[in-house]
Amino acid sequence: MFFGKKRNPEEHRYYLLPGQGRGARKKFHQQMWAALFAGLFFSALVGGTLWYMNSHH
């Protein structure tokens with residue numbers, strides 16, 4: 001059961017829908033990197049603003 005062949009191979013079949021191929025993966029990674037850089041930029045901007053406001057009063 002654990003090491004043998006699957007009883008019903010059709011049970012584990014899946015289908016790719018449009019937009020789930022290589023292009024979607026590439027687009028996902030591009031958007032993830034863009035979101036990461038945007039998050040780092042805005043967190044540095046907010047952190048720098050808070051530091052400036054607290055150190056120069």
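Look a little higher up for the structure.
What comes next concerns the included structure. (Residues numbered from 1 in each chain as written. Predicted model: local features only at pLDDT ≥ 70, side-chain atom pairs only at ≥ 80, totals over all residues. Heavy atoms only, no water.)

**Side note on the overall build of the protein chain**
Turning to step 1, where the next piece is worked out: A count of helices and strands for the protein chain gives 1 helix and 0 strands.
Turning to step 2, where the next piece is worked out: Counting across all 57 residues of the protein chain, residues that qualify as buried make up 0%.
Turning to step 3, where the next piece is worked out: Only carbon and sulfur atoms are counted for the fraction: they give 66% of the accessible area of the protein chain, which is about 6200 Å². (Helix = DSSP H or I, 4+ residues; strand = E, 2+ residues; numbered from the N terminus. Buried < 20%, exposed > 50% of the residue type's maximum accessible area, 1.4 Å probe, protein only. Areas by Shrake-Rupley, 256 points an atom, 1.4 Å probe, with all protein chains shown as cover.)

**Some remarks on the environment of Thr49**
Turning to step 1, where the next piece is worked out: Mapped onto the fold, Thr49 is located in helix 1 (residues 22–55).
Turning to step 2, where the next piece is worked out: A relative accessible area of 38% means that Thr49 is categorised as partly exposed.
Turning to step 3, where the next piece is worked out: Only 2.8 Å separates the side chain of Thr49 from the backbone oxygen of Leu45, close enough to count as a polar contact. (Polar contact = N/O pair within 3.5 Å; in protein donor to acceptor, adjacent residues only side chain to side chain.)

**Considering the packing of aromatic side chains**
For any pair of aromatic rings, the description consists of the separation of the ring centres together with the inter-plane angle of the planes.
Turning to step 1, where the next piece is worked out: Scanning all chains against the criterion turns up 2 aromatic pairs.
Turning to step 2, where the next piece is worked out: On the numbers, 5.2 Å between centres and 75 degrees between planes, the contact of Phe41 with Phe42 is edge-to-face. (Phe/Tyr/Trp six-rings, centres within 6.5 Å; stacked < 30°, edge-to-face > 60°.)

**Brief notes about a nonpolar patch on the surface**
Turning to step 1, where the next piece is worked out: A cluster of nonpolar side chains, contributed by Phe28, Met32, Trp33, Leu36, Phe37 and Leu40, occupies part of the molecular surface with about 660 Å² of accessible area.
Turning to step 2, where the next piece is worked out: Tracing the backbone through its elements, the reader meets Phe28 in helix 1. (Patch = residues over 30% accessible without salt bridge, like charges linked within 9 Å, V, L, I, M, F, W, Y side chains within 5 Å. Salt bridge = Lys/Arg side-chain N within 4 Å of Asp/Glu carboxyl O.)

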